[in-house]
Structures are given as structure tokens and as C-alpha cells.
Amino acid sequence: MISTIVIIGAGQAGAQAVDTLRREGFDGRLVLVGDEPHLPYQRPPLSKKYLSGELAGDRLPFRHQSFYDEHRVELKLGVRAIRLDPAVRLVTLADGEKLQYDRLLLCLGSDSRRLACPGVELSGVHYLRAIADVQRIRAGIRTGARALIIGGGYIGLEAAATCRKMGCEVTVLEMADRVMNRVVAPDVSQFFSEEHRAQGVCIVCNSRMASLEGNRHVERVRCADGSSHEADLLIVGVGAAATTALASEAGLACDNGILVDEFCRTGDAAIYAAGDCTNHPSLHYGRRVRLESVDNAFEQAKTAALNMLDRGVAHDRVPWFWSDQFDNKLLIIGLSQGHDQQVLRGDPSTRSFTVCYLKDRQLLALEAVNHSKDYMAARKVIAERTRLDPQKLADPSIALKDAV
Ligand SMILES: Cc1cc2nc3c(=O)[nH]c(=O)nc-3n(C[C@H](O)[C@H](O)[C@H](O)COP(=O)(O)OP(=O)(O)OC[C@H]3O[C@@H](n4cnc5c(N)ncnc54)[C@H](O)[C@@H]3O)c2cc1C
């Protein structure tokens, strides 16, 4: 009998798992452990409206304290789980408390990759992952402040747009030859670069940072080619790595994430994992993936919760993701790796277009810039593996679902 479920990690996935477990009738002891001092909260606004101050802090949590009280969820916040002993089904917390479990769910998330160069210890160097980071960043933002963003990925560009809207002079340094190069097509990169430049953001590509300089506080970044960029504030957005130490030290298999099967089970029958921290099979694409997205954390946590109650449900989703930069919305559905053809639908100069990725004429993935209609249609077309006619697809006057 399952009388106690412990969840480690009180973020998107942890909060969703609690919700599903109680909704599905789990009536036993339910413990949610999180090392941040806050109720579980949404992260996307951290680089967008919470950073700008348009969204108040009390709008970030998914649920109020009363929800956890009413649903008898024991919240242990501001305390880290430091040891896991699967042989005796025991988790040890940093404050010494020991928690026995029948089922354990690891929702450990991911953590920002850190810079490793001279000067990283200077004040004014920030990462952007948690509420505490935003509070520190905000303290340095003022009209005319020089904000330097390292990394032109989603988080870097979202932070750049927000800092610019708040009156900073913003420069983005990107190592590759275009922004978001690992995740979007060149047309999409170019569109967003132009949008940023039109708003006064300076984007410097092919720029390799060598060191940070300053007297206690960061003052400039020196690049490998000898150029330098002055900064009052530096935000680093160079990617994230799955948080796995607790799992790997306990002997659970990890490889770019905690390895789970489609039922969100680890190699230990009592331990499940969900969200950013997992490396899991994508049934649709037939390979393992590690994803960092709200949708993935939400859906995997639901699946894991059901399976901890022995429901035998497989996680089978076509992933999706969004990013907001200035007044532009980028929606991405599917995974484009392995495509043999790229089709542009529409004209980027209209500020609304999509890029489609095909393999053997089947839609693998789609990037929609200010075009939610194509994004919505793509969900079904991808899931049903419909074969498309690339010529019709390139004609935006033909609805995506009719481009067969
Ligand atoms: C600034 C920012 C903007 C984003 N914007 C978007 C967006 O626009 N769209 C989108 O789809 N996704 C976005 N994401 C990604 C999305 O927020 C994550 O994919 C999602 O939060 C993952 O949920 P999770 O539960 O796996 O991890 P998290 O939400 O990160 O939660 C994990 C929690 O576990 C805690 N933890 C880790 N180890 C321990 C331990 N040993 N003991 C106790 N607690 C522990 C962590 O501190 C953290 O609180 C964004 C992320 C960030 C940081």
C-alpha cells in the first residue's frame, strides 16, 4: 500500500504532481520539499513581466498556502534534500529531518550554467533562474544603466528586451553567428535580431568572452578578439544543466538528466522523476530527449503522479515552447532535429510567419512568429504524421491543415 509520497523540488513539476495526486484521490501523506523559501511559482515571468515589475510577486505562485493546507500537503520549504538512500527508502534534508517514502518523485529542475573565466566573482554578475536572482538584478536596473547580456538564447534575449523596456542601454554578446542558433531557423534568428536592433538593443555575434574586469563590481567584459564592452550590470544566459546530483549520488542512472522510461520511472521501482531534470523517451520522435519547458514539466509530472498510483499511463506528447520578446510571440512545436527540408510560410517583413521542418514530407516541427493559427494547426498535423505538399505549405494563403 502507498501511504507516503515525497516529492523533492517545489517548482512547476512538483506543484503539478501534488495537484494531480490529490485530484486522483491519493489520500495518504504527501510531502513537498523545496530549497527555495517560496511557495511553488512559475518561472517564465522572471525574464519577462516580473523582471519589469509589471507582474507583482504575489501573482507568481501557482497556488496559495490555503490550497496546500486544504489538501493536506506538508510543505517543507527553504530546505534542501541532501541525501537519498533508495535501499531503505529514505530522504535526508539539510536540517537533519529524515523522510521515509513509499514513492518518491524527483522534480529537481535544472540550474544555470556558470561562467568559468577570470572575474566571475565580481558583484553585478547575475544568473536568471529564481526569484532571488530577479531581486538582485532589479536592484541594478535604472534608466541609462549599461546592461550586458551574455548569451543570445531565449532567456538572454527576453532579459535584453525587458531591460531595454526599462530604459537600460543593452548589449547582447553571442558566441555563435546568430541568436538562438541552437533552437530556431536562420529566418527566425534574423527576425528577432532585427526586432531587437530596432528597439535599440546592440547584438554582437561571433563574440567570445574572455574575462570580466572591474574593481569588486563588474565594469567591462573583455573578449577574445581584444574588444571590450562596458557594463554596470551583467546577466548570464548561457544555458542550463539538469540537476542530478541527488539522484546520481544515490546510484540512479543519469546521462544529461535522470534517466526515466515513458512512465517516468527511474531504475528504482519506487522512484520517479519529472520535468527539466529528466532524460526521457519521446515516443513520437523515437529517441531520448531532455527538455526545458513548462509544458514538459506539467505533462510529465501529471504522468508521473498517475503512475505512482499504478495507472500505467505513458508520457506521449509533442513538446511545445514559447518565448516573448518585446511585443513578439514565438511559439515552437515539435523537435526539428533530423529534418530534410525547411519551408518558410509567409514574409518575415509582415512580422507574422512560420518556418516548417519536414522529414519525408511529414511535419516534424514548426516555429511560429506571431502566428498562433499555424501553431495550433501544427499540433494535429505533427501528431497525425500527415504528409504535406511543400509547395502548398509555402503558400500562406493555404491553411496549414490543407497543405496536403
Ligand atoms: C527565466 C526563465 C524563463 C523561462 N521562460 C519559459 C517560457 O517562456 N516558456 C517555457 O515553456 N519555459 C520557460 N522556462 C522554463 C520553465 O520554467 C522550466 O522548464 C520549468 O520551470 C521546469 O519545471 P521543473 O519543475 O522541472 O523545474 P523548476 O521549476 O526549476 O523547479 C525545480 C525546483 O527544485 C528545487 N530543487 C532542486 N534540487 C533540490 C533539492 N535537492 N532539494 C530541494 N529542492 C531542490 C529547485 O531549487 C527548484 O525550485 C523559463 C525558465 C526560466 C528560468
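Placed above this text is the structure.
The residue numbering used here restarts from 1 in each chain and proceeds along that chain's sequence as written. Reporting in this predicted model follows two pLDDT cut-offs: at least 70 for local features of residues, and 80 or more for side-chain atom pairs to be given and counted; totals over whole chains, interfaces and linings ignore these cut-offs and use all residues. Only hydrogens and water are removed before side-chain values are computed, so all heavy atoms of the structure are retained for them.

Considerations on the sheet that holds strand β11 (residues 169–173)
Link 1 in the chain: Spatially, β9-β16-β10-β11-β12 is the arrangement adopted by the five strands of the open sheet, whose pairing is parallel. Each edge of the open sheet is held by one strand with a lone partner, namely β9 (125–127) and β12 (202–204). In this sheet, adjacent strand axes meet at a mean angle of 20° when their direction is disregarded.
Link 2 in the chain: Strand pairing requires that DSSP identify at least two bridges connecting the strands. Labels follow the DSSP assignment, with helices taken as runs of H or I lasting at least four residues and strands as runs of E lasting at least two, numbered in each case from the N terminus. In this structure, strand β10 (residues 146–150) lies alongside strand β16 (residues 233–236), joined through four bridges in parallel fashion. When the sheet's bridge partners are listed, Leu148 is paired in β16 with Leu234.
Link 3 in the chain: The criterion used for residue contact is that any of the two residues' heavy atoms lie within 4.5 Å. To get an axis, a line is fitted to the C-alpha atoms, and for a helix only the part in contact is used. The angle between two axes follows their N-to-C directions and goes from 0 to 180 degrees. Most of the contacts of helix α4 (residues 131–140) go to β9, to which it runs at about 140°, and overall it touches β9 and β16.
Link 4 in the chain: Against the sheet, helix α5 (residues 154–165) contacts β10, β11, β12 and β16, and its axis sits at roughly 165° relative to β11.

Details of the sheet that holds strand β5 (residues 90–93)
Link 1 in the chain: Overall, antiparallel pairing links the three strands, which are arranged β4-β5-β6 in an open sheet. With partners counted over all chains shown, the strands left at the sheet margins are β4 (81–85) and β6 (98–100), one partner each. Within the sheet, the average angular offset between the axes of one strand and its neighbour, ignoring direction, is 20°.
Link 2 in the chain: Two strands pair when backbone bridges link them, and β5 and β6 are joined in this way by three bridges, in the antiparallel orientation.

Some details on the site of the ligand
Link 1 in the chain: Taken together, 31 residues form the shell around the ligand, and within it Ala13, Asp35, Glu36, Lys48 and Asp276 come nearest.
Link 2 in the chain: Interatomic distance of 2.6 Å between a side-chain N/O atom of Glu36 and an oxygen atom of the ligand.
Link 3 in the chain: Working definition of accessibility: Shrake-Rupley area with a 1.4 Å probe, residue cover restricted to the visible protein chains. Starting from 990 Å² of accessible surface for the ligand in isolation, the protein chains cover 95%.
Link 4 in the chain: Looking at the shell around the ligand, the elements that each hand over two or more residues are α1 (12–23), α8 (294–308) and β22 (320–325).
Link 5 in the chain: Charged means Asp, Glu, Lys or Arg here, nonpolar means Ala, Val, Leu, Ile, Met, Phe, Trp, Tyr, Cys or Pro, and polar covers whatever is left, Gly included. Counted by class, the shell around the ligand contains 15 nonpolar, eight polar and eight charged residues.
Link 6 in the chain: Segment limits for the domains were obtained from an automatic or database-derived domain assignment. Mapping the shell around the ligand onto the domain boundaries places at least three of its residues in each of domain 1 (4–111 + 240–308) and domain 2 (114–236). When we say a residue is near a molecule or strand, we mean one of its heavy atoms is within 4 Å of it. Any pair of N or O atoms that falls within 3.5 Å is considered a polar contact. Within protein, one atom must be able to donate a hydrogen and the other to accept it, and sequence-neighbouring residues count only if both atoms are side-chain atoms.

A few points about the layout of surface pockets
Link 1 in the chain: In this analysis the probe radius is 1.4 Å and the grid spacing 1 Å, with only protein atoms considered; a cavity is a set of points the probe fits into but cannot get out of, a pocket is an open set with protein on both sides within 12 Å along at least five of seven lines, and lining residues have an atom within 4 Å of a point. Grid points are joined across faces, edges and corners, and a volume is the space filled by probe spheres set on the points. Approximately 250 Å³ is the volume found for the second largest pocket.
Link 2 in the chain: Taken together, 20 residues make up the lining of the second largest pocket; nearest its centre are Lys48, Lys49, Lys165, Asp324 and Phe326.
Link 3 in the chain: Mapped by element, the contributors of at least two residues to the lining of the second largest pocket are α2 (49–52), α5, β22 and β23 (328–334).
Link 4 in the chain: With four residues, the single largest contributor to the lining of the second largest pocket is α5.
Link 5 in the chain: Per-class residue counts for the lining of the second largest pocket are six nonpolar, six polar and eight charged.

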